[in-house]
Amino acid sequence: MSASSTASDTPDSVRKAWAEAHVSPLWEALEAHSTEVSRDRAFIWKWSTMRPLIEDALNLKDMRAIQRRVLTLNNPNLRTPTGMGATPTLTAALQILKPGEVAMPHRHSPSALRFVLEGEGAVTIVDGKECEMDEGDLITTPGWTWHEHVHHGKRPIIWLDSLDVPLHRYLGTDGFQPGPRPNKLPPTFDDNLFSVSGMVPEGLEANPNFSPLFRYPWTQAVKALEAAPLTKDGVRRVRYTNPLTGGPVMSLIDCYLIELADGETLPMRTSASMVCAVVEGTGTSTLGGDTVSWEPKDVFTIPTGAWAKHKANGKARIFVVSDRDVLRRLDLLEEEYGGTA
Ligand code: GTQ
Ligand code: FE2
């Protein structure tokens, strides 16, 4: 039974009745019967292309009104219903702040992170807690925390933003509230409370949905990475965690730092999707049917279910944002090593 013969013997009057009743015939929805699931494809935003675009954005004068110098990275190869983002669940953007500029306080249900690609001397204030932003630092602004950015540095600062907006959009849970921030804010916790590994204070009234740290300095991340063993696929990998739970830094966003040694990694694939920012080194990655060549500050995606294999020229370090823990909690996380990329 072909779709066209089915279609042709359906009287127009019947089609009209379907449309009016807001129903549709599943037997004509070909995808429902197809075993060939179409997949998202990888995409790379090259720093060499982005940097001049950032320079243009830096030169715009009417930005004061908008208060947000952000270039959103739209993956043209997504087939998700929201049609937005870098992966089905995550957005990526490049945010730029000039010395002396501020991004006004606000909050929203989506969680966000910032990973500093270039520059230093900015501060993100999260529920009143000041978090310094230097190159390689990860700063988190969990869902509904008040946040604003201030730049005290001497040159422009550029960071990668990634938010779980597409997931919120899909679930219908996206919400936004402009500042000013109220005087009474939820409690925040000094980083010193978590400075001894393996020990945390008892009795903190912290929101368990996100890490109370908000800032993960680059030097600390590298220290952890250097101590980490090689994993199954030949990659050194550390996870940014919530010290109070051992879970991801935020409910819906799970971050990693990986180090590739010279040569090829074992192919691996996962039902998680990822946004990767190259910190150090150069190389190529085979991601499903696509091969991308990367350099520092390039941002690329690894699509859901794609076999991924990396080849670094010498040592390379890559910051990874993923929805891995969302999939795990939904019993949808599937990971496999050693296939053919
Ligand atoms: O810096 O608060 O890229 O609210 C998108 C939405 C950044 C931010 C983005 C945001 C922000
Ligand atoms: Fe925001």
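Turning our attention to the coordination of the iron ion (ligand 2). Note on the iron ion (ligand 2): its protein donors are His106 (NE2), His108 (NE2) and His147 (NE2). The metal-donor distances range over 2.1 Å. Linear spacing of the donor residues for the iron ion (ligand 2) on their chain is H-x1-H-x38-H. Of the two residues, histidine 108 sits in strand β4 (residues 102-108) while histidine 147 sits in strand β9 (residues 147-151), which places them 39 residues apart along the sequence. Assessed through its relative accessible area of 10%, histidine 108 is described here as buried.

Sheet strands pair by backbone hydrogen bonding; their relative direction is either parallel or antiparallel. A sheet is described by the order of its strands in space; here six strands give the open sequence β1-β20-β17-β22-β14-β13, paired in antiparallel fashion. Only two strands of the sheet have a single neighbouring strand rather than two, namely β1 (44-45) and β13 (235-240). In this sheet, strand β14 (residues 254-260) lies alongside β13 in antiparallel orientation, the contact comprising six bridges. In the sheet register, arginine 237 faces β14, and the bridge partner there is isoleucine 258.

All right, on to the pattern of salt bridges then. Once the charged atoms of two side chains with opposite charge are near each other, the side chains can pair. Following the criterion strictly, the structure yields 28 salt bridges and no others. Residue aspartate 161 is joined to arginine 114 by a salt bridge in which the shortest nitrogen-to-oxygen separation is 2.5 Å. Of this pair, aspartate 161 sits in strand β10 (residues 157-163) while arginine 114 sits in strand β5 (residues 112-118); the two residues are 47 residues apart in sequence, bridging distant segments of the chain. Taken together, the shared-partner salt bridges in this structure form one network comprising Glu226, Arg236, Glu259, Glu280 and Arg317.

Procedures and definitions
- Residues numbered from 1 in each chain as written.
- Chains lettered and ligands numbered in written order.
- Predicted model: local features only at pLDDT ≥ 70, side-chain atom pairs only at ≥ 80, totals over all residues.
- Heavy atoms only, no water.
- Donors = N, O, S within 2.8 Å, 3.2 Å for Na, K, Ca; no water.
- Helix = DSSP H or I, 4+ residues; strand = E, 2+ residues; numbered from the N terminus.
- Buried < 20%, exposed > 50% of the residue type's maximum accessible area, 1.4 Å probe, protein only.
- Pairing = 2+ DSSP bridges.
- Salt bridge = Lys/Arg side-chain N within 4 Å of Asp/Glu carboxyl O.

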